[in-house]
Amino acid sequence: MTTTDNTRVEAPSRLGAQGITVGYGDRAVLSGLDVAIPTGQVTTIIGPNGCGKSTLLRTLSRLLKPTTGTVLLDGQDIARLKTKDVAKKLGLLPQAPIAPDGLTVADLVARGRHPHQSWLRQWSSDDDQTVAEALTMTGVADLADRPVDALSGGQRQRVWISMTLAQGTDLLLLDEPTTYLDLAHALDVLDLVDDLQEAGRTVVMVLHDLNLAVRYSDQLIVMTQGRILAQGHPRDVISAELLHEAFGLNARVIDDPVSDRPMIVPIGRNHVR
């Protein structure tokens, strides 16, 4: 993901939506929206509060059902797939997940293997290996016997991501994975997202911190008022004009001194020169 070459051979999109309208009660949050998620990349959805970011992510994961349109997973209508079949292909980390009191890290991560269990297929050594690999990849193997509720915020986020990895999916949807984390722990989680993409996974996430979204994403989806305003590589998308249109934000866009991406410098009304 950190390559400075903006060209790459893209695989066909495995996840996307065509003409979806989604709402709560009589209020439509998304209306006639089309989107295709690039395979093997990190795509981040950004936009002002209430614009439909989490609604889009929840709809792509089948937690919400569109009133019109279709969500496609590997070319099939996700609404027609069995729940277990979806869970074997797509892992979701919702906002602020809560583990039962006293549950250990190893037990929580093992729950990621539930979609693969049935009366014909019981727990096996393959499941043990998958759980161990997920714990190792997220750097929490040494916490396996610790209660989840005794961990720091950053550790808990890694454990929850570990559980989604244990599902054995290569499509990961993360809804605000850095919420409530300080900057150091947020960077730690996003470095892990970077590692997952480098290992071949497709990641879609919602973030509020614009500069972190720019630095850690191959693609941005910029939303406003339930529609997609722009989608593309951060270098091609981020501009002062777009930030004002999407967020009502006055800002300068400069070169990030530590990456090949743009950096956003917000301008408050008392700091205009």
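See the structure printed just above.
These notes cover the structure that comes with them. (Residues numbered from 1 in each chain as written. Predicted model: local features only at pLDDT ≥ 70, side-chain atom pairs only at ≥ 80, totals over all residues. Heavy atoms only, no water.)

### Things to note about the sheet that holds strand E2 (residues 27–37)
The sheet built from four strands is open, its strands ordered E2-E1-E4-E5 with antiparallel pairing. Whereas interior strands pair on both sides, the edge strands pair on one side only; in this sheet they are E2 and strand E5 (76–77). By the bridge criterion, five bridges tie strand E1 (residues 15–24) to strand E4 (residues 68–73) in an arrangement that is antiparallel. Its bridge partner being in E4, Leu15 is matched across the sheet by Leu73. (Pairing = 2+ DSSP bridges. Helix = DSSP H or I, 4+ residues; strand = E, 2+ residues; numbered from the N terminus.)

### Here's the deal with the side chain of Thr44
On the secondary structure map, Thr44 appears in strand E3 (residues 42–46). The class for Thr44 is buried, based on a relative accessible area of 0%. In terms of polar contacts, Thr44 uses its side chain to reach the side chain of Ser217, at 2.5 Å. Other than its neighbours up to four places away in sequence, Thr44 contacts Met205, Leu207, Ala213, Ser217, Gln219, Leu220 and Ile221. (Buried < 20%, exposed > 50% of the residue type's maximum accessible area, 1.4 Å probe, protein only. Polar contact = N/O pair within 3.5 Å; in protein donor to acceptor, adjacent residues only side chain to side chain. Contact = heavy atoms within 4.5 Å.)

### Digging into the environment of Val148
Considering the arrangement of structural elements, one finds Val148 in the loop between helix H4 (125–137) and helix H5 (153–166). Counting along the chain gives 47 residues from Val148 to Asp101, while the straight-line C-alpha distance between them is 8.0 Å. The contact partners of Val148, leaving out residues within four places of it in the chain, are Ala99, Leu103, Thr104, Val105, Leu108 and Arg156.

### Overview of the side chain of Asp256
Mapped onto the fold, Asp256 is located in the loop between strand E11 (251–255) and strand E12 (262–266). Among the residues examined, Asp256 registers a relative accessible area of 8% and is labelled buried. A distance of 3.0 Å separates a polar side-chain atom of Asp256 from the backbone nitrogen of Val258. Leave out the neighbours within four places in its chain, and Asp256 touches Arg215, Arg261, Pro262 and Met263.

### Some thoughts on the pairing of E11
In this structure, E11 lies alongside E12, joined through five bridges in antiparallel fashion. Paired with Val253 across the strands is Ile264, a residue of E12. Here E11 folds back onto E12, and the loop between the two strands holds six residues.

### Considering the nonpolar core
Residues Val105, Leu108, Val109, Val222 and Ile238 are the most contacted members of the largest nonpolar core, which totals 50 residues. The contacts of Leu108, once residues within four sequence positions are left out, are Ala99, Leu103, Val148, Val159, Trp160 and Met163. Counting 28 residues, the second-largest nonpolar core is a separate cluster that includes Val29, Leu60, Leu64 and Val71. (Core = buried A, V, L, I, M, F, W, Y, C linked by side-chain atoms within 4.5 Å.)

### Re the packing of H5 against helix H6 (residues 183–198)
With their axes 9 Å apart at the nearest point, H5 and H6 run at an angle of 20° to one another. Relative to H6, the element H5 is oriented roughly parallel. H5 and H6 meet at a crossing whose hand is right-handed. The segment H5 lies against H6, with Gly154, Gln157, Arg158, Ile161 and Leu165 engaging His185, Asp188, Val189, Leu192 and Leu196. In terms of residue class, the contact of H5 with H6 is built from five nonpolar, three polar and two charged. (Axes fitted to C-alpha atoms, helices over the stretch in contact; angles between N-to-C directions. Parallel < 35°, antiparallel > 145°, perpendicular 65-115°, else oblique. Left-handed = near helix turned anticlockwise from the far one by under 90°. Nonpolar A, V, L, I, M, F, W, Y, C, P; charged D, E, K, R; others polar.)

### Brief notes about the sheet that holds E3
Ordered by their spatial adjacency, six strands build an open sheet running E6-E7-E8-E3-E9-E10, and the pairing between neighbours is mixed. Single-partner strands in this sheet number two, and they are strand E6 (90–93) and strand E10 (227–232). Within the sheet, the average angular offset between the axes of one strand and its neighbour, ignoring direction, is 15°. For strand E9 (residues 219–224) and E10, the ladder comprises five bridges, and the chain directions are antiparallel.

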